[in-house]
Structure formats: structure tokens, C-alpha cells
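# Fold and geometry: a report
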Amino acid sequence: MKLSNLFAVGKKLDTNQRITVSVLSFVLPILIWSLLSYVPFIWHPKVEISHTGDVVYFKQGMLIDREIFDKEVETAIAASKEIPQGRPANPIYLPAPHEVVIALYTAFTAEPQRRNEKWLHESLWDSIQVIFLGFILSSLIGVPLGILAGTYDFFSKLFEPFIEFFRYLPAPAFGALAVAVLGIYDAPKIAIIFIGTFFQQVLVVSNTTRKLDPLLLEAAMTLGAKKLSLLFRVVIPGIITHLYKDLRLLLGWAWTYLIVAELIGTSSGITWFITQQARYKNFDNVFAAIIIIGIIGLTTDLILAALGKKMFIWEKDTAKA
Amino acid sequence: MSHIELPSYLSQSGDVKDRFDRMKKRPVTLQVKNLNKEFNSAQGKVTALKDISFETYKREFVCVIGPSGCGKSTLIRILAGLETPTSGQVLLDGNQVDGPSQERGMVFQGYTLFPWLTIKRNVMFGLEMAGHSRAGSEEQAYQWIDLVGLSKFADAYPHQLSGGMKQRVAIARALANQPRILLMDEPFGALDAQTRAKMQSYIHEIWKNIDVTILFITHDLDEAIYLADRILVLKAHPGEVNEVIEVPVPQPRSAEDLLSPEFLATKKRLEELIHPPEDDVAISEDHLNMVRMVRVDDDVESVF
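What counts and what doesn't
Residues numbered from 1 in each chain as written. Chains lettered and ligands numbered in written order. Predicted model: local features only at pLDDT ≥ 70, side-chain atom pairs only at ≥ 80, totals over all residues. Helix = DSSP H or I, 4+ residues; strand = E, 2+ residues; numbered from the N terminus. Rg over C-alpha atoms; globule rule 2.2 N^0.38 Å. Buried ≥ 20, exposed ≤ 12 C-beta atoms within 10 Å, placed from the backbone. Contact = placed C-beta atoms within 7 Å. Pairing = 2+ DSSP bridges. Expected span 1.5 Å × (residues − 1). Axes fitted to C-alpha atoms, helices over the stretch in contact; angles between N-to-C directions. Nonpolar A, V, L, I, M, F, W, Y, C, P; charged D, E, K, R; others polar. Parallel < 35°, antiparallel > 145°, perpendicular 65-115°, else oblique. Left-handed = near helix turned anticlockwise from the far one by under 90°. Domains from an automatic or database assignment.

Looking now at the overall build of chain A. The helix and strand tally for chain A stands at 12 helices and three strands. For 321 residues, the compact-globule formula gives about 20 Å, and the C-alpha radius of gyration of chain A, at 27 Å, lies well above that figure. Across its three principal directions, the C-alpha atoms of chain A cover 100 × 65 × 35 Å. Each of the 321 residues in chain A was classed as buried or not, and the buried ones make up 31%.

Right, let's get into the overall build of chain B. Within chain B, the secondary structure is distributed over nine helices and 10 strands. Dimensions of chain B, computed from C-alpha atoms along their principal axes, come out at roughly 75 × 50 × 50 Å. When each of the 304 residues of chain B is scored for burial, the buried share is 38%. Restricting the contact set of chain B to residue pairs at least 6 apart, pairs at least 24 apart contribute 70%.

To continue, consider the pairing of strand E4 (residues 87–92) of chain B. All names here are of chain B. Here strand E1 (residues 28–41) runs beside E4; their pairing, made up of five bridges, is antiparallel. The residue of E4 that forms the bridge with Asn-36 is Ser-87. As defined by bridge partners, E4 adjoins strand E5 (residues 95–96) across two bridges and the pair is classed as antiparallel. Of the residues in E5, the one forming a bridge with Leu-92 is Asn-95.

The next subject is helix H2 (residues 66–78) of chain A. For H2 of chain A, spanning 13 residues, the distance from its first C-alpha to its last is 18 Å, which sits close to the expected 18 Å at 1.5 Å a residue. At the C-terminal side of H2 of chain A, Ser-80 of chain A shows a positive phi close to 40°.

As a further point, take the sheet that holds strand E3 (residues 85–89) of chain A. Residue and element names in this part refer to chain A. Ordered in space as E2-E1-E3, the three strands form an open sheet in which the pairing is antiparallel. Taken across any chain shown, the strands that pair with only one partner, and hence form the sheet edges, are strand E2 (63–65) and E3. Direction aside, neighbouring strands of the sheet carry axes that sit 40° apart on average. The sheet strands contacting H2 are strand E1 (46–51), E2 and E3, and the helix crosses E2 at an angle near 85°.

Counting residues at the interface gives 14 residues for chain A and 22 residues for chain B. Going through the elements one at a time, helix H8 (214–222) and helix H9 (227–256) of chain A are the ones with two or more residues in the side of chain A that touches chain B. Counting residues per element, the side of chain A that touches chain B draws most heavily on H8 of chain A, which supplies six residues. The residue makeup of the side of chain A that touches chain B, split by class, is eight nonpolar, four polar and two charged.

Cis geometry marks the peptide bond from His-237 of chain B to Pro-238 of chain B; its omega dihedral reads -10°. Mapped onto the secondary structure, Pro-238 of chain B falls in the loop between strand E9 (230–235) and strand E10 (240–246). Positive phi is not limited to glycine here, since Ser-80 of chain A has a value of about 40°. For Ser-80 of chain A, the location among the structural elements is in the loop between H2 and E3. For Ser-80 of chain A, a count of 8 C-beta atoms within 10 Å translates into the label exposed. Unlike most non-glycine residues, Asn-34 of chain B shows phi in positive territory, near 45°. Structurally, Asn-34 of chain B can be placed in strand E1.

With that settled, the discussion passes to the sheet that holds E5 of chain B. Residues and elements named next belong to chain B. The strand order E2-E1-E4-E5 describes an open sheet built from four strands, whose pairing is antiparallel. Each edge of the open sheet carries a strand with a single partner, namely strand E2 (44–57) and E5. Note that E1 and E2 share 10 bridges and pair antiparallel. Looking at the pairing, Ser-41 lines up with Gly-44 of E2. Lying over the sheet, helix H2 (residues 72–80) contacts E1, E2 and E4, oriented at roughly 65° with respect to E2.

Now for the packing of helix H4 (residues 120–151) of chain A against H9 of chain A. Geometrically, a packed helix pair is captured by the angle between its two axes and the distance between the axes. Residue and element names in this part refer to chain A. Taken N-terminus to C-terminus, the directions of H4 and H9 make an angle of 140°; their axes are 10 Å apart at the nearest point. Classified by the angle between their axes, H4 and H9 sit oblique to one another. The way H4 lies across H9 gives a crossing that is right-handed. The residues of H9 that touch H4, namely those facing Ile-131, Gly-134, Phe-135, Ser-139, Ile-147 and Thr-151, are Leu-231, Val-235, Ile-236, Leu-247, Leu-251, Ala-254 and Trp-255. Among the residues making up the contact of H4 with H9, the classes are represented as 10 nonpolar, three polar and no charged.

A word on the domain arrangement of chain A. In terms of domains, chain A is made up of domain 1 (46–89) and domain 2 (109–320). Once you take the C-alpha centre of each, domain 1 of chain A and domain 2 of chain A turn out to be 52 Å apart.

Another aspect to go through is the pairing of strand E8 (residues 213–217) of chain B. Residues and elements named next belong to chain B. The element E8 is largely enclosed, with a buried count of five among its five residues. Burial of the side chains of E8 extends over both faces: Thr-213, Leu-215 and Ile-217 are buried on one face and Ile-214 and Phe-216 on the other. In this structure, strand E3 (residues 61–65) lies alongside E8, joined through four bridges in parallel fashion. Residue Val-62 lies in a different strand from E8, and its bridge partner there is Leu-215. Of the strand pairs in this sheet, strand E7 (residues 181–185) and E8 are connected by five bridges, and their pairing is parallel. Note that in E8 the partner of Leu-182 across the bridge is Ile-214.

On to the packing of helix H3 (residues 119–129) of chain B against helix H4 (residues 134–147) of chain B. All names here are of chain B. At a minimum axis separation of 9 Å, H3 and H4 run at an interaxial angle of 120°. The angle between the axes of H3 and H4 places the two elements in the oblique class. Here the hand of the crossing between H3 and H4 comes out right-handed. Between H3 and H4, the residues in contact are Ile-119, Lys-120, Val-123, Met-124, Leu-127 and Glu-128 and Ser-137, Glu-138, Gln-140, Ala-141, Trp-144 and Ile-145, respectively. By residue class, the composition of the contact of H3 with H4 is seven nonpolar, two polar and three charged.

Next up, the structure:
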């Protein structure tokens, strides 16, 4: 196997290569993270004090900038006082991979530190509910409107100009309004996810609908299909596979609004967990929580992709999606 | 062809003449009266079709042929009801055509099968639209699929079929509605030569056995002569009827007829109509400016 074959333009790699390269796409970032964390001479801009020496303000376990530490060491040598000791360390906001793995494990197994705090999985469940409610509400209205706009020019002209305008308004800007109208609990959060998803959704779905081969519609008409049967028997089945892919994409979009949404009103869910842990400088927990969001997102998408392959057996290229 | 003395394309043997006389006594299926179609384009008004009039008789096979830009596709789309004429009339069995309907079946060049339906469900589509029950349409669909020889593929999806097979399904799907006329817009244009020849004899076979009039658009002269009772020759800019040719080749036809004197005479006439002599002048005027671009010491001195 020649190396140049790996970079053939427009050619598919064979199955083994594809798997290897896909695994690499996760291994590489983890490798970089590990290098930064475990190799003392790479980065490590801080020093963790292991022995304070005669420096008054040093404390055991304290993180201090390397320049300051070096200066104190020089001063101590010059004044022939006891020399402080320490080892290179990274800033507190970059925990090492193993610390995050431990945090990931303990987050699910250890009791919350305060009685009124929620377990991580409870916070997560709150977040997932907010996301899915927002997304489903948006889809229930957005998908039909999008299909209508894509099928009938009348609805396209009726909906799309306003939606084009509205989609430029950042969803979080409606936070205060949402709280004023819907209270401080889950409702305004769902509303933000809704606003963040809905307007894009209508436009994406209408575009997908318009891409349906017009010859299929004409063929159906010469076979006697009219109005509603055209819509339900040709347009919708004709776009359903693309629609499904759009929805998968948009669900990812909805996740990006989650953190902002959960900061509105009373902070809740995974966001509450993250801000709380960040406040106590438990960045290993923060990383753990962020990684969990990624894992949930990716897993949902993989499950949906597999489901799509099962449902749309006539699609010869679902595998590529 | 000029070496062989050809009969006139107008001279018909007794049998052929007799057949045309009988055909013209049949009822008229499709009647096109003074059809005009204009488009508004950036360059102003373009006349695509000008004063087209013709009729087809029951169970006749008519081919429409013409140079590119003669509006043959526009014509068939108007007949299908997919476009409206600027003026003029299209009558099917005496009734004015208004919009698409299952009594005018259409087969497109791009196969236009519904990719989400199996072959069987594709053929059932029109029947279900016409209000047949699921079971009833299924039974009929099987017959039509059998007719085009694809019973083994009834439960396959279109993407699993070759181009020729897809087009057979499209024909079965259109015929399942038992249309009065079957409109075919260059249906074999995307197929390779061998499949194409096979499809031509298929469609002839189907036409012989089913009560349907066929209007078939093609740009292939051989195909038109091989298939048609009469050929409607259009000319371009604007699209007008140039001549209606009664093909003197006796029916039923086979591949050997492609070399018969009647066939060659008709082909000669079609070539005159579609590539008139003045075109040759145009070609010689923009004759390729060829310079010998082979190395002096090249091994192959001349390709002849």
C-alpha cells in the first residue's frame, strides 16, 4: 500500500483504512492532551510547590507562575536561605486525562457534596429533557411549515421572508423576554432551544423540499396524482431521507443552545453542574461534564444514523451519511 | 447510399397502402389543432411551436423527430398537460386536454421511478391514485410487471435495476393506468445501443398486444423508421411541422428491415429534412483549421 494512495482525490479508502483513520481522529487530540499533561518540559507554565523553603507566601501544593518561582529560587540562593522546591505543573484549568477519567467515574458514583445538590445523571436528565422538548416542539411546527413552503410558492413567500429576518436574531437575546413570559423554570429554556432551532429548521426543510426532482412530481401527475396525494405520496416520501438527515444535523444545533438556555432563569441541568464545579475549581469535573455532552450527542447521532439505515432501505448511500 | 438505386419513400407496396387506408378509417385518438407556444426569455419572446396540427389514429405508432431546438419536448409536455399552450387545442377522443391525467401516460427519458417504492408499488401507484383497492392494484400490477418480464424483481427497489429494466418498469407503470395514449419522450436516449435495440422490439411487442396509441419522441432516425407507422418531422426555429411521412416499410418489422430499400429511402428523406443541404455549406465554412501535429520522425507516418 503506497502512502500516496491515502491521499487520492475523490477516492474512498478501504474499510480497514477508514476505521483506522476514524479511530485516529479521536486518538490524535487525546495524544496531544496527554503530551501536554504528562511530559514535564512541554508547556507546564506553573510550578506546584512541594516544599515552601523560606518563602513566606508559598504554601504546600500551591500553583505559582514559573518565572516567579525561578525568581524566588534565585533570591533564596543569593540570600543563602532555604530553597523552595516544586515540580512543573499545568494551570488548574487543564486537568490531565486520567484525572478527568476519575472525575467521570466518581461523578456518577459519589454522593453529591451538598444535600440539595443533584447527582450528575439527574442534572443530565434535566438537560436532555429540555433539549428534546425544545427540539420536538420546534420540529412539530417547523417541519410541516418547511414542507409547505418548499412545495407551494404561496407558503414560501408567506413564511420565508419573515423567517429569514428572524433567524438573524440571536436566540439568547430572547432570554429575558422568555423568563418574563414563561417564568424561571424549564419553560423559558425550552423556548430558547425552540427559537434557536425553529427558524433555521423551516428554511432548511423548505430548501430540502425544493430539491426534490420535479420530474418525479410530473411523472406522478401523469399517473393521476393530484394536490394532496402529490404532497403525501410523492413530496414527503421523496424527501424523507434528506429530511431525516437534516433533523439529525439540527438536533446537534439544538445542543449548542443548551448551555445558554440553561443559564436563563434558575440555572439548571448540566450547565448548573458545570458552573458549580467551575466555581469550586473542580475543572476535572467540568471536563468530565463537557465530554459527557459530547458522548451523548455523538451516541444519539450514531443511533439515529443506524435507525435511518433500517428505515430507509431503498437508500443505497445511507451508509455514507 | 447514393450507389444504390432507391425507390421513392412515397411509393408504398399494396399491403402497406392497404394498411394505411384501413388505419385512417380508425377513430382519431389525439387531435392537435393550430398549437402555438411562446416563451418569454431574456432575449424577448421565443416561439417554440408554431401552428402545429396533426392527428393520431387509434392504436397508431407515431414518432416525432426533428433537429434540436424544434420543440419536440415542449410538444409532448403540452400533450401530457404539463405545460399549457399559448394558443391552439389538444383534443383526446374529442375532449379538450386540461392538465395532466392518467389517460395520457408518459415515459420520461430519466426513468422517474419513485426510489422509495418497490417495483410492484411503483406500478401500483397509478392504480391506487385511480381509487383501486390495494389488493386489486397489486393483482393488476403483477400482470403488468409480468408483461415487461420483471416478475423476479417485483420486490426490488429501483436502484437495484439497470437502465433498461428501469425503463421497462416506467412503461409498465404508465400502461397500468390503461391510458388512451402513451407519450414517450426519448425514452431510450440514455441507454446503450444494445439495450436500446432490445427495448425497441419490446415496445413494438407491447404495442402490438395492447390497446394503446403511442406518440414517441426520438432524435434517432433508425429508431423512428423502425418503430413508427407515421413520422411527424418538425423543423426548428420556430418548431413547425415539416412533413408527415408514412413509413413504407411493411409491418411487422424486424432487424433485417433496417437494410430494406424502403427503409433506406425513408432514411434518406429524413436526412434531407433534418440536415438540409445548406447545412453542409455551414459545416465546410467553419471547417476545422487542421495543421499536422505529428513529429517528423514519428513511427506512424500516416494513419491510412
